[in-house]
Amino acid sequence: MDMVVCVKRVPDTAESEVHIDSSGRDIDKGRLSFGINEADNYAVEEAIQIKERDGGTVTVISLGGKESDEQIRMALAKGGDEAVRLEDPAFAGSDGLAIAKALAAAVKDLKYDIIFTGALADDDAFGAVGVAMAELLGVNHAAYVKKVEIAGDKIKVGRELEGGLLEFVEMDLPAVLTIQTGINEPRYASFKGIKLAAKKEIELKSAADLGLDASEIGEAGAWAKLEKFTPPVVGEMAEILEGEPEETASRLAGILKEKGLV
Amino acid sequence: MLFELAEEERLFRSMVRDFAEGEIRPKVDELWEKGEFPYGIIEKMGELGIMGIPWPERYGGSGGDYLSYVIAVEELARVESTCAITLEAHISLGSSPLYYFGTEEQKQEILVPLARGEKLAAFGLTEPEAGSDAGNTKTTAVLDGDEWVINGTKCFITNAGTDISAGVTVTAVTGQDDGKSAISNIFVPKDTPGYNIAPKYKKMGWHASDTRELSFSDCRVPASNIIGKQGEGFCQFLYCLDGGRIAIAGLAIGNAQGCLEECMKYVKERVQFGKPIASFQAIRFKLADMATQIELARNLAYKAAALRDAGKPHTKEAAMAKLFASEMCMAAATQAVQIFGGYGFMDEYPVSRFFRDAKILEIGEGTSEIQRIVIARELGI
């Protein structure tokens, strides 16, 4: 089973205060720490577990600057074999689709059975890259995958639905799976693994290396353009209930019932 | 001159931090309240190569440098000190004499399982009458045929009484040299008859660490268990202690960093006089000082570790790092409790534990007073 895992370096915003930067189109990342996107960490683990069980290779790909090498190397330290990093100023301003184009161009010449991505990025939360990549490559896909079973050249995957339900689908390989958190227990890299990973080469590819024209990628190739960030505005439609909890809860229940929402 | 870790060291740090957050953080309350030795966590640390970071792979280690090991101790202590001191005592005190001064046979037989984390190592130096005055060691080892017969008592020994303890390297008087006791280091396996393990101490901090009194009554070990040459014990443990001091500085830095992070969260949430206390200058200055002191201590400790890795003299820098970091940590923990006010005095608040874990750092592996003596001596006065 030859596998590709796409990983993204993201800022850790869980316990930090987040401010919009002076451009108005990004957050101020100066004081944030960075790590692998959480769902991607599970995707890496899933690929490595399959490799350990059934054999094969795991290639790690990331689109980002030099600092992304840290996330790539950690995935290599856990059991990844080879790595590619896509870096080009032309990628700036990419949306999920533009990123999918770059990743698809990078994997199309590789031998692969499964491409893994995380289901959702912790920073922009598009949830689009994996699915768009499958479409561009013309292969099957399943999103929000919480279970993977391999049977010959077919796979059976469980997709997470609302309420914790799983929907099982069977598909032919190759395929793109976007992995949901909780599918496995991601391991820690070992010291020896890190030492070996530090010596591995990470292949660097530009847009030109991938045969991509500037009009296809970055802001030019994106369907969605980020205009600006604003904090949520308190709408005029909002009705604030005041009073003791027993009283406000009962009024809230009344309103929900009246509007037919429950 | 840019003070920046290499990518490999940043990855090590990130891995140990993830490990401490994922495996130790959820058990912090239990470790403190029950005081039971964390076998499961130590086993996992062994599997990841943390228990043998600085030793070469041919001896079961991870082939890392001393700086990476100090960073690991720091990252563990940032969450909780038990695993940090267990690792510190295991590597700097327990395993070091074997690695630096042991024979190839001793390394293969004793060091390999230690480096893999299958067994734990301890060092027995302190005695009821020999603390800072290590030369006053009373424990004796007498050669009887091809065996050493050891008698004496050691106190405050960490890692010697667990189910996975390999044994302890003790300092023992093996003769006289110019009227002074000639001290040698001898490895005593835990299952040796006469190796008596007292119950665990009840301590102010480090509740789950395995720290005990040991006594030896006609404890017989093969003559080949001596480490290095007879009479070289004093020089050996001074070299090991230089390394240990840098690692204790790592423990102090981690503890202080833990205090700072707890305070950073609390001061934004705690409201007094209608405002988060983070807006008050009295609090802001305390945190600014704390962060500054941590940064200084870290730079000093990393420098001492880098000197050791480069094979350069580092006795002075190690003593300075230990002295400054441990006193800095005590001050930081004191201010952290002050910032938390009455809550800081409560057991369930992490800062009260950081405070109690901090004090020993000014005492163990050479008191602050001893560090000042060492530094003054290194200055040439």
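Heads up: the structure comes first, above all this text.
Residues numbered from 1 in each chain as written. Chains lettered and ligands numbered in written order. Predicted model: local features only at pLDDT ≥ 70, side-chain atom pairs only at ≥ 80, totals over all residues. Heavy atoms only, no water.

Lay out the sheet that holds strand S4 (residues 57-63) of chain A with the relevant residues and their values.
All names here are of chain A. The nine strands lie next to each other as S9-S8-S7-S10-S6-S1-S4-S5-S11, forming an open sheet whose pairing is mixed. For this open sheet the edge positions go to strand S9 (166-172) and strand S11 (202-205), each flanked by a neighbour on one side alone. Averaged over all pairs of adjacent strands, the angle between their axes in this sheet comes to 35°, without regard to strand direction. The sheet contacts of helix H1 (residues 38-54) involve strand S1 (2-6), S4, strand S6 (114-118), strand S7 (140-151) and strand S10 (175-179), and relative to S6 the element is tilted by about 150°. (Pairing = 2+ DSSP bridges. Helix = DSSP H or I, 4+ residues; strand = E, 2+ residues; numbered from the N terminus. Axes fitted to C-alpha atoms, helices over the stretch in contact; angles between N-to-C directions. Contact = heavy atoms within 4.5 Å.)

Explain the interface of chain B and chain A residue by residue, including any values.
On the side of chain A, 14 residues touch chain B, which itself brings 25 residues to the contact. Approximately 1700 Å² of surface area, both sides summed, lies buried where chain B meets chain A, with 65% of it carried by carbon and sulfur atoms. Taken together, the connections running from chain B to chain A amount to three salt bridges. Close ionic contact of A:Glu70 with B:Arg10 constitutes a salt bridge, the shortest N to O distance being 3.1 Å. Put simply, the parts of the chain that give the side of chain B that touches chain A at least two residues each are helix H1 (7-24) and helix H7 (233-269) of chain B. With 12 residues, the top contributor of residues to the side of chain B that touches chain A is H1(B). Per-class residue counts for the side of chain B that touches chain A are eight nonpolar, eight polar and nine charged. (Buried area = accessible area lost by both parts, 1.4 Å probe. Salt bridge = Lys/Arg side-chain N within 4 Å of Asp/Glu carboxyl O. Nonpolar A, V, L, I, M, F, W, Y, C, P; charged D, E, K, R; others polar.)

Could you give me a rundown of the pattern of salt bridges, with the residues and numbers involved?
Enumeration according to the criterion identifies 39 salt bridges over all chains in this entry. Of the charged contacts, one joins A:Lys108 and A:Asp109 as a salt bridge, the two residues approaching to 3.9 Å between their closest N and O atoms. Owing to a relative accessible area of 66%, A:Asp109 belongs among the exposed residues under this scheme. Residue B:Glu362 pairs with B:Lys359 through a salt bridge whose shortest N-O separation is 2.5 Å. Of the residues examined, B:Glu362 reaches a relative accessible area of 13% and is grouped as buried. (Buried < 20%, exposed > 50% of the residue type's maximum accessible area, 1.4 Å probe, protein only.)

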